[in-house]
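# Observations on chain architecture
Each chain is listed here by its residues.
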Amino acid sequence: MKNVGQTDKWIRIIIGIVLLSMFFFVEGNARYFGILGIIPLYTGLSGNCMLYKLLGINTRKDK
């Protein structure tokens, strides 16, 4: 069941891409923080957030 709305989805995708780009453009150990971008990118693309499911949050507007 999808529980991520359109606005939430695009924000997650953008944040995921920005974080993943850190892996390629930031020097030192801080670059590995960028790998965390996989999480918002995946939840944005799939439309399903497990944390939202656990907390009972749904930002998707059903038609």
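Computed from a prediction, not measured in an experiment: that's the story for all the values here.

Turning our attention to the UniProt feature "transmembrane region" (unreviewed entry) in the protein chain. Per the UniProt annotation, the sites labelled "transmembrane region" (unreviewed entry) are residues 9-26 and 32-55. Across residues 9-26, helical content stands at 94% and strand content at 0%; the span's end C-alpha atoms are separated by 25 Å.

We now examine the environment of glycine 56. Within the element layout of this structure, glycine 56 appears in the segment after α3 (50-55). We classify glycine 56 as exposed; its relative accessible area is 66%. Spatially, the C-alpha atoms of glycine 56 and asparagine 3 are 9.3 Å apart, while their sequence positions differ by 53 residues.

According to the stated counting rule, one finds two salt bridges in the structure shown. Of the charged contacts, one joins arginine 60 and aspartate 62 as a salt bridge, the two residues approaching to 3.9 Å between their closest N and O atoms. Given the relative accessible area of 39%, arginine 60 is considered partly exposed. Aspartate 62 gets classed as exposed once you look at its relative accessible area, which sits at 63%.

The rules behind each value
The numbers attached to residues start from 1 for each chain and follow its sequence in the written order. Reporting in this predicted model follows two pLDDT cut-offs: at least 70 for local features of residues, and 80 or more for side-chain atom pairs to be given and counted; totals over whole chains, interfaces and linings ignore these cut-offs and use all residues. Processing note: side-chain calculations cover all non-hydrogen atoms of the structure and skip hydrogens and water entirely. UniProt positions are given in the numbering used here, feature names are shortened, and annotations may be inferred rather than shown by experiment. Only DSSP runs of H or I covering at least 4 residues are called helices, and only runs of E covering at least 2 are called strands; the numbering of each starts at the N terminus. Remark: exposure states derive from per-residue accessible area (1.4 Å probe, protein chains only) relative to the maximum for the residue type, with buried under 20%, exposed over 50%, and partly exposed in between. Here, a salt bridge means any side-chain nitrogen of Lys or Arg that lies within 4 Å of a carboxyl oxygen of Asp or Glu.

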